[in-house]
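Examination of the molecular architecture
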Amino acid sequence: DDFEPKFSLTPLLVGTLKGTFYSLLLAVPLAVLGAMFVSHFMSPALKAIVKPMIEIMAAMPSVVLGFLAGLWLAPRLEEIFPSVFMMALTLPILLILTGFAWAQIPAGTRNRLPAGVEVLPFMIVLAAGIFGCIQVSLPVENLVFGGDFAAWLRESFGLPFDQRNAIVVGMAMGFAVIPIIFAISEDAFSNVPKQLVSGSLALGATLW
């Protein structure tokens, strides 16, 4: 009983719930807020490109996503694992600051720009934030975790670091369900009758 491995449904259920929680934590904000932006703020020309591309993502087999997550994503994520936590903290802050900076541009200047061009600064900031977090991953690991995150995790919490962990599963499942949540949310936003939208705007409501 002390050394023989035991098999039960408990680790399967707990692992499934953990993976589902992490995937929804990633997918729901991205999909719902993305659908809100696409349905109400994005220019029609850009929407005609973006919406089909995201919906086509739903056709990607989950087996392929699992294969990529297990053999490609997991080893690379192990090398920069501290950067995942930094991205979770810094990227939302960077995006909020970018939105605040964009709102400070005079309305006359913003109105002269093509509709949908506001996506570009957000994409640049997002890419720069991801790149910056990856670049400082090793110095942060040396400073905070003594140069070895896996050893720190084992010594501090008694948990062995598994390369194929629930966060990797959550990221793969999150990208798998984003198109489904996006499509349902975008349809719900877009199916509001136009007369209700026009009436609300006429009474002083904003798109937000």
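Right, let's walk through the structure included here. These numbers were taken from a predicted model, which means no experiment stands behind them.

1. Some details on the overall build of the protein
The secondary structure content of the protein amounts to 10 helices and zero strands. Ordered by position in the sequence, the α and β elements of the protein form the string α-α-α-α-α-α-α-α-α-α. Its C-alpha radius of gyration of 21 Å places the protein more than 25% over the 17 Å reference for a compact globule of 208 residues. Projected onto its principal axes, the C-alpha coordinates of the protein cover approximately 70 × 40 × 30 Å. Looking at the protein as a whole, 24% of its 208 residues are labelled buried. Excluding contacts between residues fewer than 6 apart, the proportion of contacts in the protein whose partners are at least 24 apart in sequence is 84%. About 14100 Å² of surface is accessible on the protein, with carbon and sulfur atoms providing 74% of the total. Of the side-chain charges in the protein, 10 are positive and 13 negative, and the distance between the mean point of each set is 14 Å.

2. Observations concerning the nonpolar core
Ala69, Leu73, Ala74, Leu77, Phe81, Val84, Phe145, Phe149, Leu153, Phe161, Val168 and Ala172 form the largest nonpolar core, which has 12 residues in total. When contributions to this core are tallied by element, the ones reaching two or more residues are helix H3 (62–79), helix H4 (81–104), helix H8 (149–157) and helix H9 (166–190). Ranked by the residues each element gives to this core, the list is headed by H3, at four residues. Setting aside its immediate chain neighbours within four residues, Val168 contacts Ala69, Leu73, Ala74, Leu77 and Gln163.

About the criteria used
Residues numbered from 1 in each chain as written. Predicted model: local features only at pLDDT ≥ 70, side-chain atom pairs only at ≥ 80, totals over all residues. Heavy atoms only, no water. Helix = DSSP H or I, 4+ residues; strand = E, 2+ residues; numbered from the N terminus. Rg over C-alpha atoms; globule rule 2.2 N^0.38 Å. Buried < 20%, exposed > 50% of the residue type's maximum accessible area, 1.4 Å probe, protein only. Contact = heavy atoms within 4.5 Å. Areas by Shrake-Rupley, 256 points an atom, 1.4 Å probe, with all protein chains shown as cover. Lys, Arg positive; Asp, Glu negative; His and termini not counted. Charge placed at Lys NZ, Arg CZ, Asp CG, Glu CD. Core = buried A, V, L, I, M, F, W, Y, C linked by side-chain atoms within 4.5 Å.

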